[in-house]
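Observations on the three-dimensional arrangement
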Amino acid sequence: MKLLRITFLLVILSTTLSFTAHKFYVSITKVEFSQEESSLQIISKLFIDDIEDVLQTRYNPSLVMGGEKETEAVGKFLKEYVLQKLVIEVNGKPVTLHYLGHEYDNDVVKTYLEVKGVSELNSISVENKMLMELFEEQQNIIHVKRFKKRKSLVLEADNPKGLLNFN
Amino acid sequence: MKFFKFASMIAIFLAAGATYAQDTEETKERDPGHYNDNRFKQLYEEFSTPNMYRSGNGAPGPNYYQQQADYVMDLRLDDKTARLYGVETITYTNNSPDELEYLWVQLDQNVRARDSKSDLIEGSGAVPAEMAGSFVGKYMGEGFDGGFKIDYVNDDNGRPLPYTINRTMMRIDVPKNLKTGDKYTFSIKWWYNIPDHTIDRARSGYEKFEDGNNGYVIAQFYPRMAVYSDVEGWQNSQFWGRDEFALPFGDFDVTITVPSDHILDATGELLNRKEVFSKTMMQRFEAAKKSYKEPVLIVTEAEAEAASKGFATTTKTWKFRAENVRDYGFASSRRFIWDMMAVKIGNRDVMAVSVYPPEGNPLWGDWSTKVVASTLKSYSRMTFDYPYHKAISVHAKNQGMEYPMICWNYGRPDKDGNYSERTKYGMFGVIIHEVGHNYFPMIVNSDERQWTWMDEGINTFVQYVAEQDFGEAYPEAIAPNKAYPSRRGPAKTIVDYMAGNQNKMAPIMTKGLNTYNFGSNAYSKPAVGLNILRETIMGRELFDHAFKTYSQRWMFKHPNPEDFFRTMEDASAVDLDWFWRAWFFTTDYTDIGVKDVKKFYVTSKMNKQIREMIEARGMKESDLPPLVYLVEEGSEDFEEDMKTATLNDVTTLQTFIMDNMTPAERAKLKSPKYFYEITFEKPGGIPMPIIAEYTYSDGTTKRITYPAQIWRKNDASVGKVIASEKEITKIVVDPDEETADIDTSNNSWPKLKKLGEFNKFKEKVKGQ
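Quick caveat: nothing in here was measured; it's all calculated off a predicted structure.

Attention shifts here to the overall build of chain A. From N to C terminus, chain A includes 3 helices and 10 strands. Counting from the amino terminus, chain A carries its helices and strands in the arrangement α-β-β-α-α-β-β-β-β-β-β-β-β. By the burial criterion, 39% of the 167 residues in chain A qualify as buried. Long-range contacts, defined here as pairs at least 24 residues apart, represent 62% of the contacts in chain A between residues at least 6 apart.

Okay, structure coming up:
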């Protein structure tokens, strides 16, 4: 409990004087329109340290991400969390995200999601509140690719949702 | 003569060919003129003009000077109240040609004063929930009573000096202007409340362990002289909390009085070791000086645990002297374990030292000192032999911060002593990084307040080299990995950042305070840039020599960005202005691809283009010298049998060869069968070299690197004719992802229908 409290405090107070030689709060979500498969292919990359802090705070202070100590519950928590924090509308209508799973790459965890039945992408609105409840400085960067065109959003706690038009 | 005529005719036709192509375009209005906006233009506008202080070759000029600030300090740590008291005497030497009417002193602790403005420049958003305590602290309480309390500022006769405090800067008005060569001595008495660094993530302070003891890591703890230089005058830009420091070199004589049961280590040579060490500690210290492979414990974990149970009311004074350092730091606690080992640097022995609470074990006892030693070897190889006598790594929770000879590092196992791979690599990485800061900026003393990348970026680059070295030296530390998994350094680690939103990006050449994504902008991107220079553009031999030259030229001096840029070119004969501009002065990105590949056949039969051209000029075929014509596959002039023809069938060519060459010369001729015109495109701004890998029908490959200068006349696309004896089946640009190309979907011909990252994963989970 003490550990939890310290983590939580640290995080909330960490805004202005944070400097460290290493820490910056950022996640990257790539959304790509696949015409062939009539789908949006989504890969969301989060720093393991950050998402682990969040999942520990929300679900279980002793959970471990990655390696042999990762239990099945971690996958479940991660899925529940990502689906709750990531909300997408395509062409003005809310869509259902299908969560495919996660894998690790160095210090990053990648989660894979898919939106099916997207035959055309005229506009996309993305709300991504991941990690923001713990890290005030969190920036969630969204890259959307439709054929050769790419557009990006930078979402922050005071502005966690953005709209991109492709026409 | 004949050859000359032939050549000049061809020149005419080539020129005519170019005009011919243009004639077909619609006539448009004449474009206005423009400045030289070529990406290969030299950086005369961006760079300041070399002068007597800083030379055009990047070295210090004949009139280069730097100021000197020597300190005598007497410090007392009150462990009960967590306060630090100090009296310091500064002797300032004006080596500049200027007369100084006042001196600026930095009061960094004031960033935590109640009237600090640091919070006021940060935008904030409402968070959905806060801990009650933090809410009170933020909105209801007075906040922590931080900042320097100045008791006096006196001249060397004890008379008060007038001074003015502007937040984190203090101006001292000297009674008589300091002329060149003048020395001025004055004293400051001060104290401050030490902050809990685990709460506000300050760069220094104390951590309260669960047993109630404090671990102190103390820095920015004394009023410090600002830098006066030829470029900035006084560097008195305020300390807002993020941009680090600019400090002159000097000698330090420091006494530190702490509870007698504390273990303490600090910048500088310990002068009274016999007074503060027990006999056992002395014996262990002597053993450590001869141990090159394994650290020797000076204070064991059991001894640290035993000491933690007491609280001495008596004190002990530790005396240190440090020469030619730019700053001072120390760590003190009764809950410290201490180990050391020797490491050979050149022909000297340096002590690699670690100080950590039992909370750091087993990780710290196993690895910290070995990481320090390995880091010193790598950095010494890349720059210059480590000039100080020791390097200390102190374990402090959540810290990663550097001072001369001493640094604070994170990486803590859980209560049962277990730790994840991330904790371990986090600890290795931060120790290498912070020990590496001894070189940049402690010795190669750049201005951190202004140019974060000059210490963080350059240091992160060498950190990458040192991490790889460490992995090779201690394979058991990184197993089952074969190489150290560096987070920063390799080109592809910066792609996500550089592909990002341009509105939230600043060039590297931006004051650190004003950049958006600090980690990527000031650490990762410059490190990747230098790695690309070393591995891809210059090669290791040229790069390493130039990098060493820069380090040695500016060792114990104050370099500016141009000094680095100029030295790297001057010592290597590689023109890098284009690279500095693209990578450091803009937010451009790399994107190069293969746009088009055309196949050609050679014939002696005149093709349509040339026929139309000569007809337009009223010439006949007989007016021309014997020519060899290229015909594109599928074009009007193309005939199926061209495919099977060889160069022997091209009569104009054969006649020329027979008439002009001896049999010996003829025997040496190559006989290419396949001719291609490849068009490379460059949607990205950065003119990187084109690294093209050609795969032939027999499965062999050949790699050709076209230098970046290939883009100097056409920034968007460039053609290349390849004559080959074998058929080309595949072309890949940047096959090893070494140029930070942000979009690799255009890097292959034929277009690779490659299974993307997403589909790969989908395939993988399908079977499960």
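Back to the text.
Turning our attention to the sheet that holds strand β3 (residues 86-90) of chain A. Strand order in this open sheet of 4 strands is β4-β3-β7-β10 (chain A), and the pairing throughout is antiparallel. Looking at the sheet topology across the chains shown, the edges are occupied by β4 (93-94) and β10 (161-165) of chain A.

We now examine the packing of helix α8 (residues 421-436) of chain B against helix α10 (residues 452-473) of chain B. Helix-helix packing is characterised by the crossing angle of the two axes and by the distance between the axes. Residues and elements named next belong to chain B. Contact geometry for α8 and α10: axes closest at 9 Å, N-to-C directions at 125 degrees. Considering the angle they form, α8 stands oblique to α10. Relative to α10, the crossing made by α8 is right-handed. Note on element contacts: α10 touches α8 through N459, T460, V462, Q463, A466, E467 and F470, opposite F428, G429, I432, H433 and G436.

The next point concerns the confidence of the model for chain A. Looking at chain A, pLDDT values average 83 and 86% of them are 70 or higher. Predicted confidence for residues 1-22 of chain A stays below pLDDT 50, and this span has 49 contacts to residues more than four positions away or in other chains.

What follows covers the nonpolar core. Counting 164 residues, the largest nonpolar core has B:I256, B:A352, B:L376, B:A391 and B:V394 as the members making the most contacts within it. Beyond its immediate chain neighbours, meaning those up to four positions away, B:L376 contacts B:V343, B:I345, B:V350, B:A352, B:Y386, B:A391 and B:V435.

Moving on, we get to the packing of helix α7 (residues 363-382) of chain B against α8(B). All names here are of chain B. Across the interface, α7 lies against α8 with an axial gap of 9 Å and an inter-helix angle of 40 degrees. Taken as axis vectors, α7 and α8 run oblique relative to one another. α8 is crossed by α7, and the crossing has right-handed handedness. On α8, the residues that touch L363, W367, S368, V371, V372, T375, L376 and Y379 of α7 are K424, M427, F428, I431, I432, V435 and G436. Its residues placed into classes, the contact of α7 with α8 shows 11 nonpolar, 3 polar and 1 charged.

Let's shift gears to helix α2 (residues 48-58) of chain A. Taken together, the buried positions of α2(A) are occupied by A:D50, A:I51, A:E52, A:V54 and A:L55. Each element contacted by the buried residues of α2(A) is listed here: β2 (39-47), α3 (72-85) and β6 (108-116) of chain A.

Attention now goes to unusual backbone geometry. Residue and element names in this part refer to chain B. Residue P441 is bonded to the preceding F440 through a cis peptide linkage, with omega at 15 degrees. Position of P441 among the secondary structure elements: in helix α9 (residues 438-443). Backbone torsion omega between A479 and P480 reads 0 degrees, so that peptide bond is classified as cis. For P480, the position within the fold is in the loop between α11 (475-478) and α12 (495-498). Phi is positive for Q220, which is not a glycine, with a value near 45 degrees. In this structure, A573 is a non-glycine residue whose phi angle is positive, near 60 degrees. Here A573 shows up in the loop between α15 (561-570) and α16 (577-585).

We now examine the sheet that holds strand β14 (residues 263-266) of chain B. All names here are of chain B. Spatial ordering of the open sheet is given by β8-β9-β18-β14, a layout of 4 strands whose pairing is antiparallel. Each edge of the open sheet is held by one strand with a lone partner, namely β8 (205-208) and β14. Geometrically, the sheet is characterised by an average inter-axis angle of 10 degrees between neighbouring strands, direction not taken into account. Looking at chain direction, β14 and strand β18 (residues 330-333) are connected through 4 bridges and run antiparallel. When the sheet's bridge partners are listed, D265 is paired in β18 with A331.

In this section: the environment of B:D447. Residue and element names in this part refer to chain B. Mapping D447 onto the fold places it in the loop between α9 and α10. In the structure, D447 is positioned 201 residues away from A246 in sequence and 4.8 Å away in space, judged by C-alpha atoms. For D447, the residues in contact, after removing those within four places along its chain, are V227, Q235, A246 and H558.

With that settled, consider the confidence of the model for chain B. Residues and elements named next belong to chain B. Looking at chain B, pLDDT values average 92 and 93% of them are 70 or higher. Across residues 15-24, confidence stays below pLDDT 50; counting only partners more than four residues off in sequence or on other chains, it has 2 contacts. In the model output, the complex is listed with pTM 0.86 alongside ipTM 0.78.

Residue and element names in this part refer to chain B. Alignment of strand β5 (residues 163-166) against strand β6 (residues 169-178), held across 4 bridges, turns out to be antiparallel. Bridge pairing links Y163 to I172 in β6. Counting the residues between successive antiparallel strands, the hairpin from β5 to β6 contains 2 residues, one of them, R167, with a positive phi of roughly 55 degrees.

Conventions adopted
- Residues numbered from 1 in each chain as written.
- Chains lettered and ligands numbered in written order.
- Predicted model: local features only at pLDDT ≥ 70, side-chain atom pairs only at ≥ 80, totals over all residues.
- Helix = DSSP H or I, 4+ residues; strand = E, 2+ residues; numbered from the N terminus.
- Buried ≥ 20, exposed ≤ 12 C-beta atoms within 10 Å, placed from the backbone.
- Contact = placed C-beta atoms within 7 Å.
- Pairing = 2+ DSSP bridges.
- Axes fitted to C-alpha atoms, helices over the stretch in contact; angles between N-to-C directions.
- Parallel < 35°, antiparallel > 145°, perpendicular 65-115°, else oblique.
- Left-handed = near helix turned anticlockwise from the far one by under 90°.
- pLDDT = per-residue confidence, 0-100.
- Core = buried A, V, L, I, M, F, W, Y, C linked by C-beta atoms within 7 Å.
- Nonpolar A, V, L, I, M, F, W, Y, C, P; charged D, E, K, R; others polar.

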